[in-house]
Amino acid sequence: MAKVIVVTSGKGGVGKTTSSAAIGSGLAMSGAKTVIIDFDIGLRNLDLIMGCERRVVYDLINVINGEANLQQALVKDKRISDLFIMPASQTRNKDALTKEGVEKVIADLKADGFEYIICDSPAGIEQGAMMALYFADEAIVTTNPEVSSVRDSDRITGMLSSKSYRSEQQLTPVKVHLLITRYCPERVEKEEMLSIDDINDLLGIDLLGVIPESQDVLNASNLGEPIILNQDCDAGKAYQDAVDRLLGIDRDFRFITYEKKGFLSRIFGG
């Protein structure tokens, strides 16, 4: 049975699109037919992070308006056989998104055999974000370990419980997961950043993953390669752990504790 998962947050710049790309790629690598839809109408970035911007011809709004069919708009990933991208429009405004249009696209994707439909949401609570979360079965609320980001994530959690299709139809609530990005244990130790316990106390959402702060994430985005493909770096491993948990595989949390250097390490730089 197909599952619709929205990757969302209240605040911009927390790594939603990076996370959508990584999680969608990880699910597809597990053998599940997966599509990632960019809902950031007018400001699309998913195609850049996936490295397929030159292959985009049609987009989500073209499909909703009947100007292109599903197969024309879907961009097949060249690295992962079961992965597809549905880009956003750069020239339309967010009002072009309608519940009826999004519902039909999702229904058509399900009929086409997609097992996971990942909705990459824009930040905030405007039209694009509301449409991205409306039909979700599950949500991955993405936050940085800072007070403003966590507070905005709490507001999005409220929207999921009150403004989604599931809430309106009094169905089983949207299952909400927490993904913490740009986490630095050393800065937490110095009290420059909220700890995992602090965030849990404020949000009370089941923790899906903790992604360490890493230059590798930016490098991967610039190269148009989802960070999960780099299993030599901690961030790539952390995203793989998050995908495994999403699939029901038990994984210990890594990269969340600060190991103080001993005297000799500080002297010799080890």
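Look a little higher up for the structure.
Residues numbered from 1 in each chain as written. Predicted model: local features only at pLDDT ≥ 70, side-chain atom pairs only at ≥ 80, totals over all residues. Heavy atoms only, no water.

Help me get a handle on the overall build of the protein chain, residues and values and all.
The helix and strand inventory of the protein chain stands at 13 helices and eight strands. Computed over its C-alpha atoms, the radius of gyration of the protein chain comes to 19 Å, within 12% of the 18 Å expected for a compact globule of 270 residues. If one aligns the C-alpha atoms of the protein chain with their principal axes, the spans along those axes are about 65 × 40 × 35 Å. By sequence separation, contacts in the protein chain at least 24 residues apart represent 74% of the contacts at least 6 residues apart. (Helix = DSSP H or I, 4+ residues; strand = E, 2+ residues; numbered from the N terminus. Rg over C-alpha atoms; globule rule 2.2 N^0.38 Å. Contact = heavy atoms within 4.5 Å.)

Any details on the pattern of salt bridges? Residues and values, ideally.
Per the counting criterion, the structure on display carries 12 salt bridges. With a closest N to O distance of 3.3 Å, Arg 44 and Asp 47 form a salt bridge. Residue classification places Arg 44 among the buried positions, given a relative accessible area of 12%. Residue Asp 47 is classed as buried on the basis of its relative accessible area of 5%. We note a salt bridge from Glu 213 to Arg 187, for which the minimum N-O separation is 3.9 Å. With Glu 213 in the loop between strand 8 (206-212) and helix 11 (215-223) and Arg 187 in helix 9 (residues 185-189), this residue pair connects regions lying 26 residues apart in the sequence. (Salt bridge = Lys/Arg side-chain N within 4 Å of Asp/Glu carboxyl O. Buried < 20%, exposed > 50% of the residue type's maximum accessible area, 1.4 Å probe, protein only.)

Give me unusual backbone geometry: which residues, what numbers.
Backbone phi values are negative for most residues with the exception of glycine, while trans is the configuration of most peptide bonds. In this structure, Glu 191 takes a positive phi of about 60 degrees despite not being glycine. With respect to the secondary-structure elements, Glu 191 resides in the loop between helix 9 and helix 10 (196-203). Given the relative accessible area of 73%, Glu 191 is considered exposed. For Phe 255, which is not glycine, the phi dihedral falls at a positive 65 degrees.

Go over a negative patch on the surface with me, naming the residues and quoting the values.
Taken together, the side chains of Glu 191, Asp 197, Asp 198 and Asp 201 make up a negatively charged region of the molecular surface. Assignment of secondary structure puts Asp 201 in helix 10. (Patch = residues over 30% accessible without salt bridge, like charges linked within 9 Å, V, L, I, M, F, W, Y side chains within 5 Å. Areas by Shrake-Rupley, 256 points an atom, 1.4 Å probe, with all protein chains shown as cover. Lys, Arg positive; Asp, Glu negative; His and termini not counted. Charge placed at Lys NZ, Arg CZ, Asp CG, Glu CD.)

Go over the packing of helix 1 (residues 16-29) against helix 12 (residues 234-246) with me, naming the residues and quoting the values.
Running from N to C, helix 1 and helix 12 cross one another at 60 degrees; their axes reach a closest spacing of 9 Å. Taken together, the axes of helix 1 and helix 12 lie oblique to each other. Helix 1 and helix 12 meet at a crossing whose hand is right-handed. Note on element contacts: helix 12 touches helix 1 through Tyr 239, Gln 240, Val 243 and Leu 246, opposite Thr 18, Ser 19, Ala 22, Ile 23, Gly 26, Leu 27 and Met 29. Class assignment of the residues belonging to the contact of helix 1 with helix 12 gives a composition of seven nonpolar, four polar and no charged. (Axes fitted to C-alpha atoms, helices over the stretch in contact; angles between N-to-C directions. Parallel < 35°, antiparallel > 145°, perpendicular 65-115°, else oblique. Left-handed = near helix turned anticlockwise from the far one by under 90°. Nonpolar A, V, L, I, M, F, W, Y, C, P; charged D, E, K, R; others polar.)

I'd like a description of the packing of aromatic side chains, backed by residues and values.
In the structure shown here, the tally under the stated rule is four aromatic pairs. Measuring from ring centre to ring centre gives 6.1 Å for Tyr 134 and Tyr 165, while their planes differ by 70 degrees; the resulting arrangement is edge-to-face. One end of the pair, Tyr 134, is in helix 6 (residues 127-134); the other, Tyr 165, is in helix 8 (residues 165-168), and 31 residues separate them in sequence. Looking at Tyr 165, the relative accessible area reads 32%, which means it is partly exposed. Each member of the aromatic cluster is reached from another via a ring pair, and the members are Tyr 134, Phe 135 and Tyr 165. The ring of Phe 114 is capped by Lys 33, whose NZ or CZ atom sits 4.5 Å from the centre of that ring. Positioned over the ring face of Phe 253 is Arg 245, at 3.8 Å from the centre of the ring. (Phe/Tyr/Trp six-rings, centres within 6.5 Å; stacked < 30°, edge-to-face > 60°. Lys NZ or Arg CZ within 6 Å of the ring centre and 35° of its normal.)

Could you give me a rundown of the sheet that holds strand 8, with the residues and numbers involved?
Strand order in the open sheet formed by eight strands is 3-4-2-5-1-6-7-8, and the pairing between neighbours is mixed. A single partner strand is all that each edge strand has here, and the edge strands are strand 3 (75-76) and strand 8. As paired elements, strand 1 (residues 3-8) and strand 6 (residues 138-143) share four bridges and run parallel to each other. When the bridges of strand 6 are listed, Val 6 appears paired with Ala 139. Sheet strands touched by helix 5 (residues 99-111): strand 1, strand 2 (34-38), strand 4 (83-86) and strand 5 (116-120). Its angle to strand 5, the strand with the most contacts, is close to 150 degrees. Its contacts with the sheet place helix 12 against strand 1, strand 6, strand 7 (175-183) and strand 8, and it is angled at close to 165 degrees to strand 8. (Pairing = 2+ DSSP bridges.)

Quick rundown of the environment of Val 141? Include the residues and the values.
Here Val 141 is to be found in strand 6. Given a relative accessible area of 0%, Val 141 falls into the buried group. In the structure, Val 141 is positioned 69 residues away from Gln 72 in sequence and 31 Å away in space, judged by C-alpha atoms. With residues near it in sequence (within four places) discarded, Val 141 still touches Thr 8, Ser 153, Thr 157, Leu 160, Val 176, His 177, Leu 178 and Leu 179.

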